[in-house]
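Structural overview
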Amino acid sequence: MRILKIQTLRGPNYWSIRRHKLIVMRLDLENLAETPSNEIPGFYEGLVEALPSLEGHYCSPGCRGGFLMRVREGTMMGHIVEHVALELQELAGMHVGFGRTRETATSGIYQIVLEYLNEEAGRYAARAAVRLCQSIIDRNRYPKAELEQDVQDLKDFWRDASLGPSTEAIIKEAEKKGIPWMPLPARFLIQLGYGIHQKRIQATMTNNTGILGVELAGDKEATKRILDANGVPVPRGTVINFFDDLEEAVEYVGGYPIVIKPSDGNHGRGITIDIRNWEDAEAAYEMARQVSRSVIVERYYAGRDHRVLVVNGKVVAVAERIPAHVVGNGKSTITELIEETNQDPNRGEGHDNILTKIELDRTSYQLLDRQGYTINSVPPQGAICYLRATANLSTGGSAVDRTDEIHPENIWLAQRVVRIIGLDIAGIDIVTSDISRPLREVDAVIVEVNAAPGFRMHVAPSIGIPRNVAGAVMDMLFPNEQSSRIPLLSITGTNGKTTTTRLLAHIYKQTGKVVGYTTTDGTYIGDFLVESGDNTGPQSAHVILQDPTVEVAVLESARGGILRSGLGFENANVGVVLNVSADHLGIGDIDTIEQLAHLKSVVAEAVFPDGYAVLNADDHRVAAMAEKTKANIAYFTMNPDSELVRKHIQKGGVAAVYEHGYLSIVKGDWTHRIERAENIPLTMGARAPFMIANALAASLAAFVQDVTIEQIRAGLRGFRASVSQTPGRMNLFNLGKYHALVDYAHNAASYEALGSFVRNWTTGQRIGVVGGPGDRRDEDFVNLGKLSADIFDYIIVKEDDDTRGRPRGSASDLIIQGITQIKPNYRFESILDESTAINKALDMAPDGSLVVILPESVNRAIKLIKVRGVQEEIQPQHSNNNDSQNGIAPSSVANTLI
């Protein structure tokens, strides 16, 4: 078997709207293409031996063992690879269950789709599954050591990708509240929300966290001085920078017992407590110096360690932290007890589980010695043997929830302390014998204030009630159900996507909001280009959604991006599907128009239930998408007598209709007439029906988002098919004696739409410079030739510079074949170089002619035209008929439709 390609999907996609994280592997079965599993000697037995847990896969029989039943009876290897890849992830602790296997149009080549939780792990599992199956085919076995290594590698990927318990708690709460999130590419930042409504977190610091508070909390001695000056009980202590000052510092704090710790450490690193002699003090100093240049010496206060979590000025959780320890059973050594304790499934490495495995260091041995033990000692039944002096969870400690026990005065004090330091989220460490009594009564102290406190002890305490501390964070960042999203409108279709996206963005600009939009020619924010290029995929969408100035997102969503990565967002407020026609067929295993329609329907299906899918009622494949989406439906149509739209209106729906020369919104008994088509520059004086359809779609998408009719009208009147606003989309130039038109038509539907305008040109000749992308099917080029012969009086056939793997001259020959099939005596010539072909057409144009250029490079074509002295870029003349029908009036078309 041979892996041809592996892709990673991250959003709503061709395979699933709900399951966004999918690996798609294109696998060539090669000599196994016609061989089911039951015909491979020993395969079933080898697979069961390697992965007996596959017994839990139901598959199509719908029962436990169903998949293995299929293997025994005979199924294709692609199907088996899918299940093996899923099971490998399960064995590594990643619970996934979604998978699909489909044979492509090429016999023996399969698309295998499998769910993942971690991208790297998903891709690894896909490759490992092929390797495992191939080994069983070749050797009837997969070595146990290799399987164990695969599972360990997958576990490593999963552990390394962990965001940490605190961040994951916040993300889970965001998802519960429907707040979108995305990782940012630096410093482990996470963005919550989109555009102007976004917030950012880094662990448990937020964009509300003040740097002065963080700096102050990071300086433990400065924190203590500030709190002491405000009457807060803190340990007596001092800071030293040299070992020679240690003895004096011990005397200053009142003698032993003492605490020595680094001045700017965290997670308990470098801290030694309950020091009772000079030898231990000397060792503790050296350990603290490894973490920080300055060392704090404090009086030691006996008591239990408590962490009080304050969010947005309120105490939200309290936990008692217990140092790492084991409990004797009278039989086992301390080493054995540690090993037994670490077998707890709740303990893991670092922060990847509820608890952390216990590991010993130098202070552990000192602490054991103080208790009269060594690691080989056998503690008596019930004896508690402490292994760490500090109670941090990161060193193996555990937590007991005490939220309901803290005294009200201590709550008041903790909240006051956080305000003094100046933090929005803080963890206060208190040493007290009884948290239910005021600190002043029990000689207790606040020993530290921590910025970015961990949440693990609160969301998953060893004993007690888990506290939803992440909920308090989300309520702080998005108070009173404040919006976390911006209006998001997605546009797809075979033709007209870029024009409609630009027009819709222009309409939205009339509201005064900052609009970010992506198109095939660039990414824009407001009036400025962010990045040029074909930016219709998820990465470009993220540029818009991550920008803190953007108030509205209008995103062109092309087939390529959806196939490669899925949509760049989970849900939209509006999804527009313009049309579906034959284009790019045979590419990316999309071989039929029906498959292409299914791909485009992702945009309609990924709309919120209270949003709108804006669908072309005149395209039956697009109209049928209404059955697949849970969103509201809004239709647009060029046919005022559309039966589909009539029934839709009767049921209370909304539609955009071209009626009596007007672009109108029809809803209920009223027609909201926006503007006459001839007054809209984009429609070329109402002579370009496809542009009218684009304008209907954009107007309707804006209307269902509460953009006013007046704002829509202003947007339509101010938008032109110009190089600046729609490069390569019906750009018409006056060259004095003749005109030139540049358009990026490249498929049959766009040729036909262009022809509806070109045929209205009645002077001179209609000269076409035609071609098409080299990755199209042979029959597509032949069809373009036929269409060209029906549109133009004279044709120059050219080819793109990038033939996309097709031999030079092949595309041209096929187009000529189409021309001569319907007009054997037709006048044409073949000039493969695009620039030469364009110049030849412009040189030969008789007076009054129209030269239509369908280029690979729009910018190059426009430059070649402009060097000839363009007199003006044409905007068709239109009437200024602004009669009373512009506005809201009782509707003749509504009456017809109803």
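Residues numbered from 1 in each chain as written. Predicted model: local features only at pLDDT ≥ 70, side-chain atom pairs only at ≥ 80, totals over all residues. Heavy atoms only, no water.

A few words now on the overall build of the protein. Secondary structure assignment for the protein yields 29 helices and 40 strands. Along the longest, intermediate and shortest principal axes, the C-alpha atoms of the protein span 105 × 75 × 55 Å. Residues classed as buried in the protein amount to 57% of the 898 residues present. Here the analysis covers contacts within the protein between residues at least 6 apart in sequence; of these, 68% occur between residues at least 24 apart. Summing over all exposed atoms, the protein offers an accessible surface of approximately 37,100 Å²; the carbon and sulfur share of this is 48%. (Helix = DSSP H or I, 4+ residues; strand = E, 2+ residues; numbered from the N terminus. Buried < 20%, exposed > 50% of the residue type's maximum accessible area, 1.4 Å probe, protein only. Contact = heavy atoms within 4.5 Å. Areas by Shrake-Rupley, 256 points an atom, 1.4 Å probe, with all protein chains shown as cover.)

To continue, consider a negative patch on the surface. Among the surface-exposed residues, Asp244, Asp245, Glu247, Glu248 and Glu251 lie close enough to one another that they form a single negatively charged patch. Checked against the element boundaries, Glu247 lands in helix 9 (residues 246-252). (Patch = residues over 30% accessible without salt bridge, like charges linked within 9 Å, V, L, I, M, F, W, Y side chains within 5 Å. Salt bridge = Lys/Arg side-chain N within 4 Å of Asp/Glu carboxyl O. Lys, Arg positive; Asp, Glu negative; His and termini not counted. Charge placed at Lys NZ, Arg CZ, Asp CG, Glu CD.)

Let us look at the environment of Gly303. Relative to the elements of secondary structure, Gly303 occurs in the loop between strand 12 (295-299) and strand 13 (304-311). You can call Gly303 partly exposed: its relative accessible area is 41%. In contact with Gly303, not counting residues within four places along its chain, are Val431, Thr432 and Ser433.

Turning our eyes to something else, we now look at the nonpolar core. In this structure, Leu504, Val554, Leu663, Leu700 and Leu716 are the most contacted members of the largest nonpolar core, which totals 74 residues. A per-element tally of this core places helix 22 (residues 689-703) first, with ten residues. Discounting residues that sit within four places of it in the chain, Leu663 has contacts with Val657, Tyr658, His672, Arg673, Ile674, Glu675, Ala677, Ile680, Ile692, Ala695, Leu696 and Leu716. Counting residues in each nonpolar core, the second largest holds 49 residues, with Tyr194, Ile590, Ile593 and Leu599 among its members. (Core = buried A, V, L, I, M, F, W, Y, C linked by side-chain atoms within 4.5 Å.)

Evaluated as defined, the whole model comprises five aromatic pairs. Every member of this aromatic cluster is reached through a ring pair, and the members are Phe243, Trp278 and Tyr285. Above the plane of the ring of Tyr124 lies Arg131, whose end atom (NZ or CZ) is 5.9 Å from the centre. Lying across the ring of Tyr662, Arg676 places its NZ or CZ 4.9 Å from the centre. (Phe/Tyr/Trp six-rings, centres within 6.5 Å; stacked < 30°, edge-to-face > 60°. Lys NZ or Arg CZ within 6 Å of the ring centre and 35° of its normal.)

For the rest of this paragraph, the subject is the pattern of salt bridges. Using the criterion set out here, one finds 54 salt bridges in the structure. Its salt-bridge partner being Asp156, residue Arg159 comes within 3.0 Å of it at the nearest N-O pair. Here Arg159 pairs with Asp156, and both are found in helix 5 (residues 144-160), just three residues apart, close to one helical turn. Its relative accessible area of 22% is what places Asp156 among the partly exposed residues. For the salt bridge of Arg159 with Asp160, the shortest nitrogen-to-oxygen distance reads 3.4 Å. By relative accessible area, which is 32% here, Arg159 ends up partly exposed. Owing to a relative accessible area of 58%, Asp160 belongs among the exposed residues under this scheme. Each of the salt bridges in this network shares a partner with another, and the network as a whole consists of Lys220, Glu221, Lys224, Lys261, Glu298 and Glu448.

Chain-level statistics for the protein give a pLDDT mean of 91 and a share of 96% at 70 or above. This model gives residues 876-898 a pLDDT under 50, and the stretch forms 67 contacts once residues within four places in sequence are excluded. (pLDDT = per-residue confidence, 0-100.)

The next subject is helix 13 (residues 408-421). With 14 residues, helix 13 extends 20 Å from end C-alpha to end C-alpha; this agrees with the ideal 20 Å at 1.5 Å per step. Listed as buried for helix 13 are Asn410, Leu413, Ala414, Gln415, Val417, Val418 and Ile421. Where helix 13 is buried, its residues meet helix 7 (211-218), helix 8 (220-229), strand 13, strand 14 (314-322), strand 20 (425-432) and strand 21 (445-451). Where helix 13 terminates, the next one or two residues include Gly422, which has phi positive at roughly 90 degrees. (Expected span 1.5 Å × (residues − 1).)

On the secondary structure map, Asn342 appears in helix 11 (residues 334-342). A relative accessible area of 14% places Asn342 in the buried class. If sequence neighbours within four positions are ignored, Asn342 has contacts with Arg347, Lys357 and Ile358.

Okay, the state of the cysteines next. Under the counting rule described, the total for this entry stands at zero disulfides. A disulfide-free cysteine, Cys63 has its sulfur positioned 9.8 Å from the sulfur of Cys59, the nearest such atom. Free of any disulfide, Cys133 has its nearest cysteine sulfur in Cys59, 14 Å distant. Note on Cys133: relative accessible area 0%, which makes it buried. (Disulfide = S-S within 2.5 Å.)

What follows covers the sheet that holds strand 2 (residues 22-28). The strand order across the open sheet formed by four strands is 1-2-4-3, and the pairing between neighbours is antiparallel. Each having just a single partner strand, strand 1 (2-9) and strand 3 (99-103) make up the two edges of the open sheet. Between one strand axis and the next, the sheet turns by 15 degrees as a mean value, whatever way the strands run. As defined by bridge partners, strand 1 adjoins strand 2 across seven bridges and the pair is classed as antiparallel. Within strand 2, the residue paired with Arg2 across the bridge is Asp28. Sheet strands touched by helix 3 (residues 77-91): strand 2, strand 3 and strand 4 (109-115). Its angle to strand 4, the strand with the most contacts, is close to 20 degrees. (Pairing = 2+ DSSP bridges. Axes fitted to C-alpha atoms, helices over the stretch in contact; angles between N-to-C directions.)

Running from amino to carboxyl end, helix 2 (residues 66-73) crosses helix 3 at an angle of 150 degrees, the nearest separation of the two axes being 11 Å. Overall, the two elements helix 2 and helix 3 adopt an arrangement that is roughly antiparallel. For the element pair helix 2 and helix 3, the recorded crossing hand is left-handed. Two secondary-structure elements touch here, helix 2 through Phe67, Arg70 and Val71 and helix 3 through His79, Ile80 and His83. Here the contact of helix 2 with helix 3 is built from residues that sort into three nonpolar, two polar and one charged. (Parallel < 35°, antiparallel > 145°, perpendicular 65-115°, else oblique. Left-handed = near helix turned anticlockwise from the far one by under 90°. Nonpolar A, V, L, I, M, F, W, Y, C, P; charged D, E, K, R; others polar.)

What follows concerns the side chain of Asn13. One can find Asn13 in the loop between strand 1 and strand 2. Given the relative accessible area of 2%, Asn13 is considered buried. Among the polar contacts made by the side chain of Asn13, one reaches the main-chain carbonyl oxygen of Arg19 at a distance of 3.2 Å. Excluding anything up to four places from it in sequence, Asn13 contacts Arg19, His20, Leu22, Gly566 and Val602. (Polar contact = N/O pair within 3.5 Å; in protein donor to acceptor, adjacent residues only side chain to side chain.)

To continue, consider the sheet that holds strand 7 (residues 199-202). In space, the four strands of this open sheet follow the order 5-6-7-8, with antiparallel pairing throughout. Single-partner strands in this sheet number two, and they are strand 5 (181-183) and strand 8 (205-206). In this sheet, strand 7 lies alongside strand 6 (residues 190-192) in antiparallel orientation, the contact comprising three bridges. Looking at the pairing, Ile190 lines up with Ile201 of strand 7. Seen against the sheet, helix 6 (residues 165-176) touches strand 5, strand 6 and strand 7 and runs at an angle of roughly 25 degrees to strand 6.

This part is about the environment of Asp610. With respect to the helices and strands, the residue Asp610 is situated in strand 28 (residues 607-616). A relative accessible area of 63% places Asp610 in the exposed class.

So, about a nonpolar patch on the surface. A surface patch of nonpolar side chains, about 250 Å² in accessible area, is lined by Val327, Ile384 and Tyr386. Position of Ile384 relative to the elements: it lies in strand 18 (residues 384-386).

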